[in-house]
Amino acid sequence: MNTRPDVRPLGEGSDPPARAPGLPPPAERGATVIPDRVVARIAAQVARTAQSRRAAVPPDRDGPAAPAASAATRTGSVRLHLAMDLPYPADLPRICERIQQDVAEQVAQLTGLNVREVTLTIRRLVTAAGANRGRVR
């Protein structure tokens, strides 16, 4: 015998949540605006992850500096500019292309913006740890 009042498990026959009185439908309430500096910070963090994954550059004291990023958003799309250190010797065009793709995909996924362009500038080439010990005679 059930002595509890009419309690239904969630998802079974429950009514959808009622809309607060006086609020317009969600589509008419407005838009979410993400400032350029926030998009740039997201891009810089994603670039750091891509840099360590694609370029195999470990983040250490003498290694590469953190990537810098800037963003320019306009009507739902964004253009990104990255500046970062990359390893040498390496296949730089291939690494740059993969980092640009990774950053474009992740920023689009995280922000909902259409990434139109990712420009990458190589600030410095980082050689392997043992490569700068001096000349061989």
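Preceding this section is the structure that the text describes.
Residues numbered from 1 in each chain as written. Predicted model: local features only at pLDDT ≥ 70, side-chain atom pairs only at ≥ 80, totals over all residues. Heavy atoms only, no water.

**Some points on the pattern of salt bridges**
Argument step 1. Here the structure, examined in full by the defined rule, presents four salt bridges.
Argument step 2. Between E117 and R79 there is a salt bridge whose closest N-O contact spans 3.6 Å. Of this pair, E117 sits in strand β3 (residues 114-127) while R79 sits in strand β2 (residues 77-88); the two residues are 38 residues apart in sequence, bridging distant segments of the chain.
Argument step 3. What you see here is one network of salt bridges that share partners, running through D85, R123 and R124. (Salt bridge = Lys/Arg side-chain N within 4 Å of Asp/Glu carboxyl O. Helix = DSSP H or I, 4+ residues; strand = E, 2+ residues; numbered from the N terminus.)

**Some thoughts on the nonpolar core**
Note that soluble globular proteins tend to have their nonpolar side chains buried in a common cluster.
Argument step 1. One finds L80, L86, I99 and V103 to be the most contacted residues of the largest nonpolar core, which totals 24 residues.
Argument step 2. Secondary-structure elements contributing two or more residues to this core are α1 (36-54), β2, α2 (92-111) and β3.
Argument step 3. A total of seven residues in this core trace back to one element, the largest contributor, which is α2.
Argument step 4. The residues touching I99, leaving out its near neighbours within four places in the chain, are A50, Q51, R54, M84, L86 and L120. (Core = buried A, V, L, I, M, F, W, Y, C linked by side-chain atoms within 4.5 Å. Buried < 20%, exposed > 50% of the residue type's maximum accessible area, 1.4 Å probe, protein only. Contact = heavy atoms within 4.5 Å.)

**Regarding the side chain of D102**
Argument step 1. With respect to the secondary-structure elements, D102 resides in helix α2.
Argument step 2. Judged by relative accessible area, D102 falls into the buried class, the value being 8%.
Argument step 3. Beyond its immediate stretch of four places on either side in the chain, D102 contacts V46, A50, R53 and R54.

**Here's the deal with the sheet that holds β3**
Argument step 1. An order of β1-β2-β3 is seen for the three strands of this open sheet, with the pairing classed as mixed. With partners counted over all chains shown, the strands left at the sheet margins are β1 (68-74) and β3, one partner each. Within this sheet the neighbouring strands show an average axis-to-axis angle of 15°, counted without direction.
Argument step 2. Pairing analysis gives twelve bridges linking β2 to β3, with the strands arranged parallel. Across the sheet, the residue bridging to M84 is I122, located in β3.
Argument step 3. The strands touched by α2 within the sheet are β2 and β3, with β3 carrying the most contacts at an inclination of about 140°. (Pairing = 2+ DSSP bridges. Axes fitted to C-alpha atoms, helices over the stretch in contact; angles between N-to-C directions.)

**Notes on α1**
Spacing of three or four residues puts side chains on the same side of an α-helix, whose turn is 3.6 residues.
Argument step 1. Taking 1.5 Å of rise per residue, 19 residues should cover 27 Å, and α1 covers 26 Å from first to last C-alpha, within 8% of that figure.
Argument step 2. Along α1, the residues classified as buried are V39, A40, A43, A44, V46, A47, A50 and Q51.
Argument step 3. In this fold, the buried residues of α1 make contact with β1, β2 and α2.
Argument step 4. One or two positions beyond α1, positive phi appears at A56, with a value near 50°. (Expected span 1.5 Å × (residues − 1).)

**Notes on the environment of V46**
Argument step 1. For V46, the location among the structural elements is in helix α1.
Argument step 2. For V46, a relative accessible area of 11% corresponds to the buried category.
Argument step 3. For the pair V46 and I99, spaced 53 residues apart in the sequence, the C-alpha separation amounts to 9.1 Å.

Interpretation in functional terms is not warranted from these geometric data alone.
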